[in-house]
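Working through the structure, step by step
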Amino acid sequence: MARSHSDDSRRGGPVPTVPQVALIGLFVTALVTAQLTASKVLAFSLPVSLPLTGTELVLPGAALAYALTFLASDCYTELYGRRGAQIVVNVAFALNFVVLALVWSTIAAPAADTSIDPDMFADVLGASTNIVAGSLLAYVVSQNWDVIAFHRIREYTGGDRLWLRNIGSTATSQAIDTVIFVAVAFAVGPALLDVGVVLSLEELVALMIGQYLLKLGIAVLDTPIVYAVVALVRSRADRVADVPS
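This section reports on the structure supplied with the text. Counting starts from 1 at the beginning of each chain's written sequence and moves along it residue by residue. For a predicted model such as this one, the threshold for reporting local features is a pLDDT of at least 70, and the threshold for listing and counting side-chain atom pairs is 80 or more; totals across whole chains, interfaces and linings nevertheless cover every residue. Calculated side-chain values reflect all of the structure's heavy atoms, with hydrogen atoms and water omitted.

**With respect to the nonpolar core**
Operational definition: Take the buried Ala, Val, Leu, Ile, Met, Phe, Trp, Tyr and Cys residues and link them wherever side-chain atoms come within 4.5 Å; each set so joined is a nonpolar core. Working definition: with a 1.4 Å probe on protein chains only, accessible area under 20% of the residue-type maximum means buried, over 50% means exposed, and in between means partly exposed. Going along the chain from the N terminus, every DSSP run of H or I of four or more residues is numbered as a helix, and every run of E of two or more is numbered as a strand. Contacts are assigned to residue pairs with any non-hydrogen atoms lying within 4.5 Å of each other.
Counting 37 residues, the largest nonpolar core has F27, Y139, F181 and F186 as its most contacted members. Mapped by element, the contributors of at least two residues to this core are α2 (18-37), α3 (63-108), α5 (129-156), α6 (162-193), α7 (201-221) and α8 (223-242). Top contributing element to this core by residue count: α3, with 12 residues. Every residue in contact with F27, bar those within four places of it in the chain, is listed here: T69, A72, S73, V88, V89, A92, Y139 and Q143.

In structure tokens:
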């Protein structure tokens, strides 16, 4: 006879489902990856010239990884509600500091003779203060807005039009994230902290446009994935609910 969820609850509380753990795992994995890759600036050649950016699309290395966090949070919000998603977002924000502490403590620890060059290690993994400040501020503002916007659009549409809340919430939150991160990491931070180089207004705008175009494109392209994940999880939940206890 199949074991019921009530049995699990009596044995030590409700057991998280595989989809819950998978979505949280994807969110945290993408977030940590974004933190570690944010300092590299990428450049892609375009077949056509765009206003302000020209024939080259420039964006921070974290753009792709960070865009995946919005896919995970939108799926989580749709399936488990606003409160659960906000807990995931804010706990992950706190865990960012654990990642930074572990990385910086490893950089500060003495290196063995057989180790790779400590300076190279620090250059690769030790994100500068301006990058960290921009990343954390952009994260906590944009991710919380994404959850709020997703929930409000859901209420407005009566639970219909998942595509609208996925694209709408991500498009607005990614714009907030892009402006905050680029402005703090490459202008305000370097100017106030004397770390890194203050980019020109033209370079800042090019970075913002490049990063936002990629994120917006991902938001549109990942909509079928959001539909598929939500449908799969809900159908699985329905099958479990039909199993007699």
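**Looking at the side chain of S135**
Here S135 shows up in helix α5. For S135, a relative accessible area of 17% translates into the label buried. Once residues lying within four places of it in the same chain are set aside, the contact partners of S135 are Q35 and F181.

**Brief notes about the environment of D146**
Counting through the fold element by element, D146 comes out in helix α5. Owing to a relative accessible area of 0%, D146 belongs among the buried residues under this scheme. Between the alpha carbons of D146 and F70 there is a distance of 7.7 Å; along the sequence they are 76 residues apart. If we ignore the near neighbours within four places in the chain, the residues touching D146 are F70, S73, D74, S169, T170 and S173.

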